Amino acid sequence: MELKVHESKVAGHLLISRERLEQINKHGHDDHYNTVEELLDVAIFCVTLNNEYYPRRWSHKFKYKLLLTSLDKRIIYSGAFMAAAYDKIRNEKEPITPSRIEESQDYLSKL
C-alpha cells in the first residue's frame, strides 16, 4: 500500500499502521513469528540503538539496516513492533485472519 502524499504530512499512527501491515503482508511476520519479549526489545532498540535490546536470534542484517536508518523512520518501526506485540497478546484470544487484515487495509485506504 503506497501513500499518495508525502510522509511528512501523514499522522504517525497511520505510518505505524502501514508499517505493521507491511510486516504481515510483505514480510510474512504475523503474530506467531516472534515472542512478545523480542518484539518489545526490538522496539526499544529502534529508538535507543542499545545493543542490549536487539534480539539475539534476529538477523544482524536487519540490525545494520536499523543503524543506518533515520530516527523518524526507526520510531515508525518501533511503533509497528509494539503493535505486533499487542497483536500477539490479543490474538491469543482472537487470531489474525485474512479478513481482519483486509478490513485494516480498507480502513487505512480511506484515511
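Residues numbered from 1 in each chain as written. Predicted model: local features only at pLDDT ≥ 70, side-chain atom pairs only at ≥ 80, totals over all residues. Heavy atoms only, no water.

**Concerning the packing of aromatic side chains**
In step 1: Scanning the entire structure with this criterion turns up 6 aromatic pairs.
In step 2: Geometrically, the ring pair formed by Y54 and W58 is edge-to-face, given 6.2 Å between the ring centres and 85 degrees between the ring planes. Of the two residues, Y54 and W58, both sit in the buried class.
In step 3: With a centroid separation of 6.4 Å and an interplanar angle of 55 degrees, the aromatic rings of F62 and Y77 are classed as tilted. One end of the pair, F62, is in helix α3 (residues 60-67); the other, Y77, is in helix α4 (residues 71-91), and 15 residues separate them in sequence.
In step 4: We classify F62 as partly exposed; its relative accessible area is 22%. (Phe/Tyr/Trp six-rings, centres within 6.5 Å; stacked < 30°, edge-to-face > 60°. Buried < 20%, exposed > 50% of the residue type's maximum accessible area, 1.4 Å probe, protein only. Helix = DSSP H or I, 4+ residues; strand = E, 2+ residues; numbered from the N terminus.)

**Remarks on the pattern of salt bridges**
Side chains that carry opposite charge are capable of pairing whenever their charged atoms lie near each other.
In step 1: Here the structure, examined in full by the defined rule, presents 3 salt bridges.
In step 2: With a shortest N-O distance of 3.6 Å, E19 and K73 are connected by a salt bridge. With E19 in helix α1 (residues 12-25) and K73 in helix α4, the pair connects residues that are 54 residues apart, well separated along the chain.
In step 3: Overall, E19 belongs to the buried group, its relative accessible area being 9%.
In step 4: Residue class for K73 comes out partly exposed when judged on its relative accessible area of 21%. (Salt bridge = Lys/Arg side-chain N within 4 Å of Asp/Glu carboxyl O.)

**Things to note about α1**
In step 1: The end-to-end C-alpha distance of α1 is 20 Å, a good match for the 20 Å that 14 residues give at a rise of 1.5 Å each.
In step 2: Looking only at α1, the buried set comprises L14, L15, R18, E19, R20, L21, Q23 and I24. (Expected span 1.5 Å × (residues − 1).)

**Considerations on the nonpolar core**
In step 1: Ranked by size, the top nonpolar core spans 13 residues in total, and within it L39, Y54, W58, L66 and F81 carry the most contacts.
In step 2: Of all the elements in the fold, those that place two or more residues in this core are α2 (36-48) and α4.
In step 3: Counting residues per element, this core draws most heavily on α2, which supplies 6 residues.
In step 4: Among all residues touching F81, those that are not within four sequence positions of it are Q23, L39, V42, A43, C46, W58 and F62. (Core = buried A, V, L, I, M, F, W, Y, C linked by side-chain atoms within 4.5 Å. Contact = heavy atoms within 4.5 Å.)

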